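Residue-level structural notes
The primary structure of each chain is shown beneath.
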Amino acid sequence: MKRITSVIAIMVLSFSCLQAQERIVKIDFESGSFYNNPKVPFDNSFVIMGETGKEIEFVKANISYEGKNYNLHSFVWNRIEQNKSETFSIVIPPVLRSNTKYDFEIITYRLITPLQKENLVKNVEDRVRFLLMNNIYFDGKNVVVNKPKEVYNKLNQLITESFKHFESKNFIPIQAPSSLVLEELKKQSDFRFGRFFKRTTQMERDDIAKEFVSEKVEHLVALIKSELAPFTNSQLVQHHRHVNVKSVETDKEPFTLPVNIGMYAWDKTASINNTSVHNINFTPGVGLTIPFNNKSQLISRSRMFDSFGFSAGVLLKPVVDNNGIEFLTPGVNLPVYTGLGFRVFKVARFNAGVLILGEKGNQGFDNLSVIPTAGLALELNLWMGIKK
């Protein structure tokens, strides 16, 4: 008996280990593809694994919808000092959608040397200085900053472009240019220099203005450099190579329709003594939702809202106005609603739509009225419980 119990326990443990084992997807850098063109899971995590040289310190995996130019998710592998292997593995959590195609971008990075970092910082400093010198000038009366907001945006773009092939192993973000730089640009734009130029010749005026512009530019360059320092003083890695793996499919999920069970608000007015009287109430309702295949950037990045879709169903009781008259949809004998909405926190759906109503006992469709409704419902998968 003990032997049978032990065998059963081993079998259960082995099955649990198999269930918990993550699927491994291997990247081939030479062909720019995953080996054997596998499908990837959507409801379980999986591992992207690849071979690298010992000089590779950092690997990033960017995931986007097929053919889209924005990243949905980014995950990294960051070598620790004790790891001397020539392979990397990036764990991808269950964040993908079933029966959907994705593009994967895998980028490897090497650590830059102190001299390379010094040259990088100097190059960025020179480019910032050049941009500022072309946008701060003397107009004959005052030293002017040419549209401070535009100059600030150009600085932001310049810095982003300068460091787009670099990452911090310490995960320190770039925080330049800050709002302080914009304020310094605006402050200079509002300043008037007339009092400095009294009783001076044109040549003296030009020399003073030139010196002032130079000082202002150097002040801004030093400010931006100090804001970049936390990032540039960290361990920087530089883009080494990358591959794009296109049209990777996820596993298919059995087709199901989400069922909504919740409360719906409505406002039915009635005329009493030539006065419109409102009757606002809530009624339970059930319905189905047809999700749209929406791949918008807003929805894909939202942690609260997802699964935009069309819903339709019935309220479980008639709508009643202040005269006690009941309203429902002819032919159904319950109020029918339709609407559009978002799923909230993966388990609830907010819908906004309309009720199609006719007075109870009237089987015709001539005197139908349409009133707005809004509801919050628990969303259940038709076959498998709470929808994932």
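Residues numbered from 1 in each chain as written. Predicted model: local features only at pLDDT ≥ 70, side-chain atom pairs only at ≥ 80, totals over all residues. Heavy atoms only, no water.

1. Points about empty space enclosed by the protein
Which entries qualify depends on this criterion: For cavity detection a 1 Å grid was placed over the protein atoms alone, and a set of points counts as a cavity when a 1.4 Å probe fits there but cannot get out; an open set counts as a pocket when protein lies on both sides within 12 Å along at least five of seven lines, with lining residues being those that have an atom within 4 Å of a point. Grid points are joined across faces, edges and corners, and a volume is the space filled by probe spheres set on the points. In DSSP terms, a helix is any run of H or I states spanning at least four residues, a strand is any run of E spanning at least two, and both are numbered starting from the N terminus. Gly is placed with the polar residues, together with every amino acid not listed as nonpolar (Ala, Val, Leu, Ile, Met, Phe, Trp, Tyr, Cys and Pro) or charged (Asp, Glu, Lys and Arg).
Summed over the entire model, instances satisfying the criterion amount to one cavity of 30 Å³ or more. Computed from the structure, the largest cavity encloses a volume of approximately 60 Å³. Listing elements by their share of the lining of the largest cavity, those giving two or more residues are helix H2 (114-133) and helix H5 (202-232). Its residues assigned to classes, the lining of the largest cavity shows six nonpolar, no polar and two charged.

2. Some remarks on the nonpolar core
What counts is decided by this rule: In these notes, a set of buried Ala, Val, Leu, Ile, Met, Phe, Trp, Tyr and Cys residues joined through side-chain atoms within 4.5 Å is what counts as a nonpolar core. Burial classes: relative accessible area under 20% of the type maximum marks a residue as buried, over 50% as exposed, and values in between as partly exposed (1.4 Å probe, protein chains only). Any pair of residues with heavy atoms lying within 4.5 Å of one another is described as a contacting pair.
Counting 28 residues, the largest nonpolar core has Val 128, Leu 132, Leu 155, Phe 163, Val 181 and Leu 185 as the members making the most contacts within it. For this core, the secondary-structure elements that each account for two or more residues are H2, helix H3 (148-162), helix H4 (179-190) and H5. If one sorts the elements of this core by residue count, H5 sits on top with eight residues. Ignoring sequence-local partners within four residues, the contact set of Val 128 consists of Leu 155, Leu 158, Val 221 and Ile 224. Within the second largest apolar cluster, 27 residues are counted, among which are Phe 34, Phe 42, Phe 46 and Trp 77.

3. Some words on the side chain of Asp 251
Counted only if it meets this: Polar contacts here mean pairs of N or O atoms no more than 3.5 Å apart (in protein, one a potential hydrogen donor and the other a potential acceptor; neighbouring residues in sequence count only if both atoms are side-chain atoms).
Take Asp 251: it is sitting in the loop between strand S11 (236-249) and strand S12 (258-272). A residue is classified by how much of its surface remains accessible, and Asp 251, at 19% relative accessible area, is buried. For Asp 251, the side chain forms a polar contact with the side chain of Arg 23, separated by 2.9 Å. Excluding anything up to four places from it in sequence, Asp 251 contacts Arg 23, Lys 39, Val 40, Pro 41, Phe 42, Ser 98 and Asn 99.

4. Considerations on the pairing of strand S6 (residues 87-92)
Going by this rule: DSSP calls a pair of strands paired once it identifies at least 2 bridges connecting them.
Side chains Phe 88, Ile 90 and Ile 92 of S6 all project onto a buried face; the interleaved residues Thr 87, Ser 89 and Val 91 project onto a face where none is buried. Direction of pairing for strand S3 (residues 46-51) relative to S6: antiparallel, over a ladder of six bridges. When the bridges of S6 are listed, Gly 50 appears paired with Phe 88.

5. What about H3?
Stated precisely, the cut-off is as follows: To estimate how far a helix should extend, the number of its residues minus one is multiplied by 1.5 Å. Summarising the geometry, the arc corresponds to the directions from the helix axis toward the C-beta atoms.
Given a rise of 1.5 Å per residue, 15 residues ought to cover 21 Å, and the 21 Å separating the end C-alpha atoms of H3 matches this to within 8%. Those residues of H3 that fall on the buried side of the exposure criterion are Pro 148, Val 151, Tyr 152, Leu 155, Leu 158, Ile 159 and Ser 162. Buried residues of H3, viewed axially, fall in a sector of 120 degrees; they line one side.

6. With respect to the packing of H2 against H3
In a packed pair of helices, the relevant descriptors are the angle between the two axes and the axis-to-axis distance. Formally: Helix axes are fitted only over the stretch in contact, all axes being lines through C-alpha atoms; the angle between N-to-C directions runs from 0 to 180 degrees. Comment on the angle field: the value is read as roughly parallel under 35 degrees, roughly antiparallel over 145, roughly perpendicular from 65 to 115, and oblique elsewhere. By convention, the crossing between two helices is left-handed when the near helix turns anticlockwise from the far helix through less than a right angle, and right-handed when the turn is clockwise.
Following both chains from N to C, one finds H2 and H3 inclined at 160 degrees, their axes separated by 11 Å at the closest point. Judged by the angle between their axes, H2 and H3 are roughly antiparallel. For the element pair H2 and H3, the recorded crossing hand is right-handed. Counted together, Leu 120, Val 124, Arg 127, Val 128, Leu 131 and Leu 132 of H2 and Val 151, Lys 154, Leu 155, Leu 158 and Ser 162 of H3 form the full contact between these two elements. Class assignment of the residues belonging to the contact of H2 with H3 gives a composition of eight nonpolar, one polar and two charged.

Note that all results are geometric; they support no functional claim without further evidence.
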